[in-house]
Amino acid sequence: MTKQSTTHRVWRVGADIDTDALAPGAYMKFGIDEIARHCLQRVRPEFAGNAQPGDVLVAGPNFGIGSSREQAAAALVRLGIAAVVAPSFNGLYFRNAFNVGLLLLTCEQAETLQEGERIALDPVAGHIRRAAGEPSELHCDTVPAFLLEMVQAGGLLNLLKQRKTH
C-alpha cells in the first residue's frame, strides 16, 4: 500500500474523463499493453509515454464516465499509476478500478492539486498531504479495508487466488 511518507507526482486532467479517453475504442481489439500506450492520448497526448510508476492522476468530477470497459482502469494500472484522485467517480468505473487493483480516492478538494505537485496518500486515515502548498492536507473519503486489500493484492482475482492458497 502507498505509505504516507512516499510522495507521488501529480498529473492533472479535467472533469468528465470518459472510459474512451482512458482506453480508446480503436485499440480495444489489442491487449492491455497497447491500450495503455494510448491512455488519455485525446486529452494528454504525452501522458502514457511519460507517466512513471507511482504517479497519481488527479481529475475533476465524473471520472470514468461512459462504458463499463474494465480496460479503462487496467490501462492506468499497467502504466503504474498509484491512484486516481477526483471529487467523484462513475459507479461502474469505481468498481472496475478496485477489481483490477487501482486505488481511487474521492476528494472534494482534488482540483486544488497542481500539475507536478508532490503528494502523500493515506487512504486509511482519509487524507492527502501536500509536500508544498496550501492547504497542506486535503481530506478525502476513507477507503474500506476490503477495498484496500484488493488494491494491495493487485486486484480481486489475485486476492481470491491468495485466499484459495492459504
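Per chain, residue numbering runs from 1 following the sequence as it is written. For this predicted model, a pLDDT threshold of at least 70 governs which residues receive local features, and a threshold of 80 or more governs which side-chain atom pairs are given and counted, while totals over whole chains, interfaces and linings are taken from all residues. As a rule here, side-chain values cover all heavy atoms of the structure and leave hydrogens and water aside.

Observations regarding the packing of aromatic side chains
Point 1. Aromatic contacts are taken between Phe, Tyr and Trp rings whose centres are within 6.5 Å, Trp giving its six-membered ring; a plane angle under 30 degrees counts as stacked, one over 60 as edge-to-face, and the others as tilted. In the structure shown here, the tally under the stated rule is six aromatic pairs.
Point 2. When the centroid spacing of 5.1 Å and the interplanar angle of 90° are considered together, the rings of W11 and F47 count as edge-to-face. In this pair, W11 is assigned in strand β1 (residues 8-12) and F47 in helix α3 (residues 47-50), connecting sequence segments 36 residues apart. F47 carries the same exposure label as W11, and that label is buried.
Point 3. A ring pair is formed by F89 and F94, whose centres lie 6.2 Å apart and whose planes are at 55°; its orientation type is tilted.
Point 4. Put simply, the rings of F63, F89, Y93, F94 and F98 touch in pairs and so form one group of aromatic residues. Elements are defined by DSSP. Helices are runs of H or I of four residues or more, strands are runs of E of two residues or more, and each kind is numbered from the N terminus. Burial classes follow relative accessibility: with a 1.4 Å probe on protein chains only, a residue under 20% of its type's maximum area counts as buried, one over 50% as exposed, and anything between as partly exposed.

Description of the side chain of D55
Point 1. Residue placement: D55 occurs in the loop between α3 and β2 (56-58).
Point 2. Distance and chemistry together define a polar contact, namely a pair of N or O atoms within 3.5 Å, with one atom able to donate a hydrogen and the other to accept it when in protein, and with adjacent residues in sequence counting only for side-chain atoms on both sides. A polar contact of 2.5 Å, which involves the side chain of D55, links it to the side chain of R9.
Point 3. In this structure D55 touches R9, W11, N50, G80, I81, A82 and A83, once residues within four positions along its chain are discounted. Between two residues, a contact is recorded if the distance between any of their heavy atoms is within 4.5 Å.

Details of the sheet that holds β1
Point 1. Two strands pair if DSSP finds at least two bridges between them. Pairing is mixed in the open sheet, where seven strands are placed in the order β4-β3-β2-β1-β5-β6-β7. Looking at strand neighbours, the two that pair on one side only are β4 (103-106) and β7 (137-139), the edges of this open sheet. Strand-to-strand, the axes of this sheet are offset by a mean angle of 30°, without reference to chain direction.
Point 2. Pairing geometry for β1 and strand β5 (residues 118-122), over two bridges, is antiparallel. Residue pairing for β5: R9 is matched across the bridge by R118. The axes used here are C-alpha line fits, helices contributing only the stretch in contact, and every angle between their N-to-C directions lies in the interval 0 to 180 degrees.

Section: the environment of L159
Point 1. Looking at the secondary structure, you find L159 in helix α7 (residues 156-165).
Point 2. In the structure, L159 is positioned 132 residues away from Y27 in sequence and 28 Å away in space, judged by C-alpha atoms.
Point 3. Beyond its immediate sequence surroundings of up to four residues, L159 is in contact with E149, M150 and A153.

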